[in-house]
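# A structural walkthrough
So the chains spell out like this:
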Amino acid sequence: MKFFSSSPLLHFLLVLTICIACVNLVHTAPTKIGKGYRLIAIEESPDGGLIGHLKVKKKNNIYGADIPHLQLHVKHETDNRLRIHITDAEKQRWEVPYSLLPRESPPSLKQTIGKSRKSKIPILSSEYSGNELMFSYTTDPFSFSVKRKSNGQTLFNSSCEDSDKYNNLVFKDQYLEISTKLPKDASLYGLGENTQPHGIKIYPNDPYTLYTTDQSAINLNMDLYGSHPMYMDLRNVKGEAYAHAVLLMNSNGMDVFYRGDSLTYKVIGGVLDFYFFSGPTPLHVVDQYTQFIGRPAPMPYWSLGFHQCRWGYHNLSVIEDVIANYKKAKIPLDVIWNDDDHMDGKKDFTLNPVNYPGPKLRAFLEKIHAEGMHYIVINDPGIGVNKSYGTYQRGIANDVFIKYESKPFLAQVWPGAVHFPDFLNPKTVEWWGDEIRRFHELAPIDGLWIDMNEVSNFCTGLCTIPEGRICPNGTGPGWICCLDCKNVTKTKWDDPPYKINASGIQAPIGYKTIATSATHYNGVREYDAHSLYGFSETIATHKGLQALEGKRPFILSRATFVGSGHYAAHWTGDNKGTWEDLRYSISTVMNFGMFGVPMVGSDICGFYPAAPPLEELCNRWIEVGAFYPFSRDHANYYSPRQELYQWKSVAKSARNALGMRYKLLPYFYTLNYEAHMTGAPIVRPLFFTFPNIPELYELSTQFLVGSNVMVSPVLEKAKTKVSALFPPGTWYSLFDMTQAIVTKEPHYRSLDAPLNVINVHLYQNTIIPMQRGGMITKEARKTPFTIVVAFPLGASEGEAKGNLFLDKDELPEMKLGNGQSTYIDFYAMTRNGTVKIWSEVQESKYALDKGWYIEKVTVLGLNGIGGAFEILLDGTKAEDTSKVEFATEEHKYIDKLEDGGHKKSMMLDIKGLELPVGKNFAMSWKMRI
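What counts, and at which threshold
Residues numbered from 1 in each chain as written. Predicted model: local features only at pLDDT ≥ 70, side-chain atom pairs only at ≥ 80, totals over all residues. Heavy atoms only, no water. Helix = DSSP H or I, 4+ residues; strand = E, 2+ residues; numbered from the N terminus. Rg over C-alpha atoms; globule rule 2.2 N^0.38 Å. Buried < 20%, exposed > 50% of the residue type's maximum accessible area, 1.4 Å probe, protein only. Contact = heavy atoms within 4.5 Å. Areas by Shrake-Rupley, 256 points an atom, 1.4 Å probe, with all protein chains shown as cover. UniProt positions renumbered as here; feature names shortened; annotations may be inferred. Core = buried A, V, L, I, M, F, W, Y, C linked by side-chain atoms within 4.5 Å. Pairing = 2+ DSSP bridges. Axes fitted to C-alpha atoms, helices over the stretch in contact; angles between N-to-C directions. 1 Å grid on protein atoms, 1.4 Å probe; cavity = no way out; pocket = protein on both sides within 12 Å on 5 of 7 lines; lining within 4 Å. Points joined across faces, edges and corners; volume = space filled by probe spheres on them. Nonpolar A, V, L, I, M, F, W, Y, C, P; charged D, E, K, R; others polar. Parallel < 35°, antiparallel > 145°, perpendicular 65-115°, else oblique. Left-handed = near helix turned anticlockwise from the far one by under 90°. Expected span 1.5 Å × (residues − 1). Disulfide = S-S within 2.5 Å.

A few words now on the overall build of the protein. Looking only at helices and strands, the protein has 14 helices and 55 strands in total. Rg of the C-alpha trace for the protein: 29 Å, near the compact-globule value of 30 Å for 929 residues, within the 12% margin. The dimensions of the protein, computed from C-alpha atoms along their principal axes, are 85 × 75 × 55 Å. By residue count, 63% of the 929 residues in the protein fall in the buried class. Pairs at least 24 apart in sequence give 71% of the contacts found in the protein among residues at least 6 apart. A total accessible area of about 34,000 Å² is found for the protein, and carbon and sulfur atoms account for 51% of it.

Written as structure tokens, this is what we have:
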């Protein structure tokens, strides 16, 4: 939550930067920094990898002195993961703490190379192969390459020619540089968080700065709330796609320059710790990546329902009115949220005694919990400096705050003067968990929304509380700094020699955040740990919530880092109610799926107010947002009311789009399970399912939910048609399954899309589970199932498959084997005029105990039913099928085959079924001739 997006200082710095850029235009060739390093020794390390010793070739003082000796460690950690770690050979350097992100430790420093044992790999043997990847090197100047063994393709090549616009390896205390050559036809994705106006692909010469910053998402190509120094590289070789990923495990600020044929990292600290993931498909890449950084967190079922929030729900009666209006409008709603309106003086873990009195709030929560609704509140990390405030008192007593020169660092956020908890301190994690427990006793919340954790500060520098005046005084905007502050520039940590492109203008790295010379637990500098703040807070919050009742936590965090998805969901931050922001949201959501944060969405209808009218945009945004993994309407304090019932037309679109979402909840929840088990994004680009089609590589206006449900939204004003790209095959409209589109090649099709219509299509060879839907997930989940089977249109032979995961959704772990979960694989096949559909159930007890059953099977693309219908349950033939009804309707073609012909086929509904979900079933029949 933040309303400001600029300041006089930022405007001044912008002008200054432009002037500097103009002056720099006179330089025709970049100055080279040194001549790199020479590899002087290499041998096998005790862990089965390689260990090498690098020595600087020619010292220079550009951005500081060179570190003269480096240790190189290379290891194939798995069949598909290669690690290359480069650090100071003589002195321990900052790395992402192994306690926060568990991984193998490299060999200890100062290992004597070539003396402790006979070198098993002579220096002339320059290749080190694993199952999928191969590491090779040159010695002078040192460079390395990583190749794919199967086809010899070079994935990373750090060599540097004199004509290149980058340097050989540079390794200084506060400046690290390394580059790779890239083929010009490589498609790159990732390197976030930023808002990319060109779409999901990384665009040559756009700036990519990674440094967690409280900067609204309306700012394009700038460092935003998260730091994810990972990219996926997708290449098409003679019609066959190969994908891999590269992660630089480093939390320091960095600029990444992509020029189309090369990529350069310029990092202001830490180590070079690269991980290469071999793929070769995009899904394999994300699987391997999340296996390493942590599988995505399991989400409770209710979190997949619709959420409503607003900064400005001034009292409890407003919240009650919002819920009543959703019910009246017959729009689904599962979760109601409070921004800071519930707080006493905007202080964490408090309730406003007038507007949200404890007894009334608890009575309200008891009521909505009984209905199946849930309640989430915001929490900012800044703890108000107030001697009568219990959370502050206990924090001081436990010494939990970040320090500056041995005193708690003073900043300003919404409560006024604040201190920031140091979540790298184990004692802070305990204190934080206790504060969550205390607040939960006051108000039994169902999750926490942790905001402003980049970390955000309304002031800059070293500040004190002013004497003789109230700060803030309550009359002006709450985000104006009113502390007495002075700049902190006396250390190299506050003013590093290399200036990353922070905020797009090389803003000081301590601007509007914690001073980077402040210290955390064990003397860790904010300079190094800055981008880990939100991640460390997320871990502490997860631990605190899980300790409450042993339930599956729900956390929404604005700041993220590598591994955040293992604990939390994310939203894309402070966007604006514009058509551009609607369009940008799709790329950001898809990117976070690749980052291992699949539970993600944007503020539907926009957070910041925009020039009216908002109605048409809000129609289109809920049509998109109904298919975000995390679906929430949220607005700014100063925005007009924009709940979905505010306009009749938007309410109609919401009932339509959210109605479909709630029918698809079992599909979404199964995707949540797949994400937790394999990292597979819930929402993903089309090239995840169709990687061999280059036309899809930069498609950013459509997306897939899972592998086979495609959403093609309207993203422009005053449009009633949408041009959608259909990959080869048969696609059925989910809103009217008689409608089919068939294409043999990637094909754009103009689709009708009047105001209340969103085009969603199901791909062939797919089986998806659906239910009847409802106004709340608790009730929707109790309804009977429909199984939809999609064959290729008119197929005489074909197969389809799908799956379904069910469990007690608030268990901390999401897995089989606990007695409270069931997993079903569905299969279908047509061959020789016979159709067969069957299920294979694992751990049936939970589904049987719940009484879930399948009432209908819908089969798409075949020729109806000709006879010999049979059902088996657990291998036994069902003798009485008298209640079973059959209905057929011919498919309507909204697209022609390329040869101009049509294949006659039917949609078949088999109704009146009572097939227990927990039992293996098989049904078969002869097709109509």
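Now that the structure is up, let's keep going.
Here, the residues flagged by UniProt with the feature "domain: Glycoside hydrolase family 31 TIM barrel" (unreviewed entry) are residues 296–671. Across residues 296–671, helical content stands at 33% and strand content at 13%; the span's end C-alpha atoms are separated by 11 Å.

On to the nonpolar core, then. One finds L247, F420, F554, F627, L644 and V705 to be the most contacted residues of the largest nonpolar core, which totals 195 residues. Excluding its chain neighbours within four sequence positions, the residues that come into contact with F627 are A657, M660, R661, L664, F668, V683, F703, V705, V711, I758 and V760.

Let us now look at the environment of D334. In this structure, D334 sits in the loop between α3 (316–329) and β19 (335–338). With 26 residues separating them in the primary sequence, D334 and Q308 have C-alpha atoms 8.3 Å apart. Leave out the neighbours within four places in its chain, and D334 touches W302, G305, F306, G372, M373, H374, Y662, I776 and T777.

With that settled, consider the sheet that holds strand β8 (residues 154–157). Taken together, the four strands give an open sheet; going across it, the order is β5-β6-β7-β8, and neighbouring strands pair in antiparallel fashion. This sheet does not close on itself; its edge strands, each paired only once, are β5 (127–129) and β8. Neighbour to neighbour, the strand axes of the sheet diverge by 15 degrees on average, direction disregarded.

Positionally, H676 belongs in helix α12 (residues 665–678). Take H676: its relative accessible area is 17%, and that puts it in the buried class. Once residues within four sequence positions are removed from consideration, H676 is found in contact with R295, P296, A297, P298 and M814.

Before going further, it helps to spend a moment on the layout of surface pockets. Each pocket or cavity is described by its volume, and for the second largest pocket that value is around 750 Å³. Those elements that provide at least two residues to the lining of the second largest pocket are α8 (533–549), α13 (777–780) and α14 (845–850). Looking at the lining of the second largest pocket, the element that brings in the most residues is α8, giving three residues. Of the residues belonging to the lining of the second largest pocket, the class tally is 12 nonpolar, seven polar and 12 charged.

Turning our attention to the packing of helix α6 (residues 426–442) against α8. The angle between the axes and the distance between the axes are what describe a pair of packed helices. In contact at an axis separation of 9 Å, α6 and α8 are set at 45 degrees when each is read in the N-to-C sense. Our classification of the angle between α6 and α8 gives oblique. In this structure, α6 meets α8 at a crossing whose hand is right-handed. Across the interface between the two elements, V429, W432, G433, I436, R437 and H440 from α6 touch E537, A540, T541, K543, G544, L545, L548 and E549 from α8. Across the contact of α6 with α8, the residue classes break down as six nonpolar, four polar and four charged.

The final tally for this structure, using the stated rule, is four cavities of 30 Å³ or more. Lining the second largest cavity, in full, are E193, N194, T195, A217, L224, T572, N575, D581, Y584, S585, T588 and S602.

To continue, consider helix α2 (residues 282–293). Given a rise of 1.5 Å per residue, 12 residues ought to cover 16 Å, and the 16 Å separating the end C-alpha atoms of α2 matches this to within 8%. For α2, the full list of buried residues reads P282, V285, V286, Q288, Y289, T290, F292 and I293.

Spatial strand order, β32-β31-β29-β26-β20-β19-β18-β34-β33: nine strands in an open sheet with parallel pairing. The sheet is open, and its two edges are formed by β32 (600–601) and β33 (603–604), each paired on a single side. Alignment of strand β29 (residues 555–557) against strand β31 (residues 569–571), held across two bridges, turns out to be parallel. Bridge assignment links S557 to a residue of β31, and that residue is H570.

Turning our attention to the state of the cysteines. As enumerated under the stated definition, the model contains four disulfides in all. There is a disulfide in this structure between C459 and C481, and the S-S distance comes to 2.0 Å. Because the sign of the S-S torsion sets the handedness, a value of about 100 degrees for the bond joining C459 and C481 places this disulfide among the right-handed ones. With C459 in the loop between β26 (448–450) and β27 (462–464) and C481 in the loop between β27 and β28 (484–486), this residue pair connects regions lying 22 residues apart in the sequence. Here C471 is linked by a disulfide to C482, with a sulfur-sulfur distance of 1.9 Å. With the S-S dihedral at roughly 80 degrees, the linkage between C471 and C482 falls on the right-handed side. Here the residue C471 occupies a position in the loop between β27 and β28, and C482 occupies one in the loop between β27 and β28, the gap between them amounting to 11 residues. Side by side, C471 and C482 carry an identical accessibility label, which is buried. For the protein, numbering the cysteines in disulfides from first to last along the sequence yields the connectivity 1-4, 2-6, 3-5, 7-8.

Moving on, we get to the pairing of strand β14 (residues 240–248). The buried fraction of β14 is high, at eight of nine residues. As judged from the eight bridges shared by strand β13 (residues 226–237) and β14, these two strands associate in the antiparallel manner. Looking across to β14, one finds that D233 is bridged to H244. Two successive antiparallel strands, β13 and β14, enclose a turn made up of two residues, where K238 displays a positive phi of approximately 55 degrees. Looking at chain direction, β14 and strand β17 (residues 272–277) are connected through four bridges and run antiparallel. Across the sheet, residue L247 finds its bridge partner in β17, namely Y275.

In the contact formed by helix α5 (residues 390–398) and α6, the axes pass within 10 Å of each other and the chain directions differ by 160 degrees. On the basis of the axis angle, α5 is roughly antiparallel to α6. The interaxial crossing formed by α5 with α6 has right-handed handedness. In this structure, α5 contributes T391, R394, G395 and N398 to the contact, and α6 contributes K427, W431, E435 and R438. For the contact of α5 with α6, the residue count by class is one nonpolar, three polar and four charged.

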